[in-house]
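Residue-level structural notes
The residues making up each chain are set out below.
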Amino acid sequence: MNDHTVTVTPEELIFAPTFNVAVPFIDRHLAEGRADRVAISTNHGVDVTYGELADRVNRAGNALAGLGLLPGDRVLMVVKDDPAFYYVFWGAIKAGFVPVPLNTLLRAKDYEFIVADSQAAAVVWSPEYDAELIPALDAIDGGPAHRIHTEGEGTTLADLIAAAPAELEPAPASALDDCFWLYSSGSTGNPKGAIHRHRDMVVTSQRYGVDTLGAGEDDVFFSAAKLFFAYGLGNGMTFPLWVGGRAVLFDGRPTPESTFEVIARFSPTLYFGVPTLYAAQLAAFEELAPDTSSVRMCVSAGEALPPDILKRWKDRTGLDILDGIGSTELLHIFISNRPDDIKPGSSGKPVPSYTARIVDEDGNDVPPGEGGRLLVHGLSAARAYWNNPEKTAATMLGDDWLDTGDTYVRDADGYFYYQGRSDDMLKVGGIWTSPFEIEAKLMEHRLVLEAAVIGREDDAGLVKPAAFVVLTEAEAAGEELEAELRALCKEGLAPYKYPRWIEFVGDLPKTATGKIQRFRLRA
Ligand code: 3UK
């Protein structure tokens with residue numbers, strides 16, 4: 001078998017013994033005659049062809065190597081949805097480094113933890129994120145030796161790319177070698193770096209992108225979910241690159257207005273959103289009267305899609321939304337509805353090549369109709385969490401089986417239904433949100449004695465944080481304080497995390513050992 005190739009059959013993916021995944025995703029298109037085809041279109045009117053992409057990936061890899069990075073060194077990325085994201089990510093992989101894309105909505109404290117935890121050698125970021133990233137870098141002794149803006153002031157990635165050589169031999173690797181990391185938020189607050197291997201993006205792109213979605217070379221992909229999120233990384237980068245299609249990148253905030261505008265301008269055939277955004281788009285539908293006629297299929301993931309949103313979207317657009325559950329650890333969607341088999345309210349059935357079990361506390365399979373923990377086997381499963389043997393042992397069960405931490409039930413026909421998290425984490429707008437973190441922020445206010453945060457469904461059936469607050473002076477309760485607390489959270493936390501409801505209570509339900517009983521608040 002030729003180096004860096006993979007043979008796809010319905011049953012298996014056979015990787016060449018020497019396999020650097022940048023070759024099939026980037027360089028293969030030159031050999032297949034796509035050099036002049038557009039790979040990326042941006043909302044700034046820039047088109048990047050497959051030929052230009054391969055050239056800039058090589059130069060970016062050479063630029064990183066030129067800094068003196070060593071094989072396996074981490075390159076943190078805090079990069080907006082822009083072609084530069086592709087250049088750094090693939091350039092690093094091709095040159096033998098490990099890119100680590102980070103959520104661009106994080107705050108200085110979050111970045112500080114990750115910069116220290118990852119022991120990264122370099123960080124590349126869009127200047128938009130200076131305000132949160134620079135204080136994090138300054139707060140750490142040592143820290144990444146190389147700090148590079150993608151564009152703007154100083155020596156930038158753009159300059160380095162322009163100056164670097166255009167030829168780059170792929171660093172030798174194998175399908176099972178470490179390739180990139182994605183940080184996932186944990187229930188106790190600290191993010192965990194999930195280590196993905198060279199084969200993983202091939203598995204998700206083929207088994208979900210091609211075999212489930214039917215993606216092909218003529219598809220135009222638009223993901224409202226950003227590239228830093230495993231969901232967006234697949235939708236907006238690896239799937240289009242796997243099939244030789246075109247990705248549309250939008251670097252602004254996804255709102256109903258902006259996303260409908262991108263759809264009208266670029267005529268995507270595949271559209272990827274999260275339930276919150278579909279709900280907002282539906283609320284604005286009449287007013288905006290969007291043209292969605294180019295789209296053949298819509299996808300939802302990140303949190304459960306309420307059946308009512310599915311139905312109203314179909315009424316408005318004539319389009320189905322394919323709901324599927326994915327995770328950072330499995331890289332993309334592993335249980336999904338199918339274009340010709342959609343069960344409203346269900347996540348569907350396992351994606352080809354994935355196996356799912358629902359088990360009780362003793363690890364025994366439960367019968368249909370009974371809830372239990374969802375365990376999944378998949379060849380895109382992260383090998384481990386970086387620097388975290390306890391969490392690795394609890395989640396990575398061996399032999400590519402993962403504990404998802406979700407509670408699921410399967411019906412007699414084999415459809416899977418989401419029941420909730422096995423812990424107390426919330427999904428808000430598709431992004432993990434820790435109740436502890438919001439509680440801690442609320443407790444920073446001098447009048448707050450205690451706080452407990454749970455998920456509550458809004459009118460659209462989507463989960464948002466709701467806070468129960470015990471005050472030091474009960475008489476201070478009122479709208480004014482409520483507004484103050486909300487402002488405190490908006491200022492100090494990622495923007496989607498502020499509590500939408502605040503209830504002042506006399507005390508919180510607790511166990512004998514003093515742990516807040518969130519299940520009683522939820523009831
Ligand atoms: C929850 C869902 C019900 C579930 C993701 C698509 O969300 C992604 O990854 P995360 O690591 O979170 C994983 C957890 O989110 N979840 C995701 N999708 C659904 N719950 N229905 C759904 N359709 O708790 C899961 O364990 O942030 C989604 C692709 C890649 C991803 N990383």
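Refer to the structure presented above.
Presented here is an overview of the structure given in this document. (Residues numbered from 1 in each chain as written. Predicted model: local features only at pLDDT ≥ 70, side-chain atom pairs only at ≥ 80, totals over all residues. Heavy atoms only, no water.)

1. Here we look at the site of the ligand
Taken together, 23 residues lie near the ligand, and Asp323, Gly324, Thr328, Asp406 and Lys427 sit nearest. The backbone of Ala304 places a nitrogen or oxygen atom 3.3 Å from a nitrogen atom of the ligand. For the ligand, an oxygen atom lies 2.4 Å from a polar atom in the side chain of Asp406. Out of a free accessible area of 610 Å², the ligand has 98% covered by protein chains. At 4 residues, the largest contribution of residues to the shell around the ligand is made by strand β15 (residues 321-326). For the shell around the ligand, the class distribution of residues is 11 nonpolar, 7 polar and 5 charged. (Near = heavy atom within 4 Å. Polar contact = N/O pair within 3.5 Å; in protein donor to acceptor, adjacent residues only side chain to side chain. Areas by Shrake-Rupley, 256 points an atom, 1.4 Å probe, with all protein chains shown as cover. Helix = DSSP H or I, 4+ residues; strand = E, 2+ residues; numbered from the N terminus. Nonpolar A, V, L, I, M, F, W, Y, C, P; charged D, E, K, R; others polar.)

2. Some details on the sheet that holds strand β10 (residues 192-197)
The 3 strands lie next to each other as β9-β10-β20, forming an open sheet whose pairing is antiparallel. Sheet topology places β9 (178-184) and β20 (384-385) at the edges, where each strand pairs with a single neighbour. In this structure, β9 lies alongside β10, joined through 6 bridges in antiparallel fashion. Counted as the bridge partner of Ser184 is Lys192 from β10. (Pairing = 2+ DSSP bridges.)

3. Describing the sheet that holds strand β8 (residues 146-149)
Pairing in this open sheet of 4 strands is parallel, and the strands run β6-β5-β7-β8 from one edge to the other. For this open sheet the edge positions go to β6 (98-101) and β8, each flanked by a neighbour on one side alone. The average undirected angle you get between the axes of adjacent strands in this sheet is 20°. For strand β7 (residues 122-125) and β8, the ladder comprises 4 bridges, and the chain directions are parallel. In the sheet register, Ala122 faces β8, and the bridge partner there is His146. Across the sheet, helix α3 (residues 83-95) lies against β5 (74-78), β6 and β7, angled at about 150° from β6, the strand it touches most. (Axes fitted to C-alpha atoms, helices over the stretch in contact; angles between N-to-C directions. Contact = heavy atoms within 4.5 Å.)

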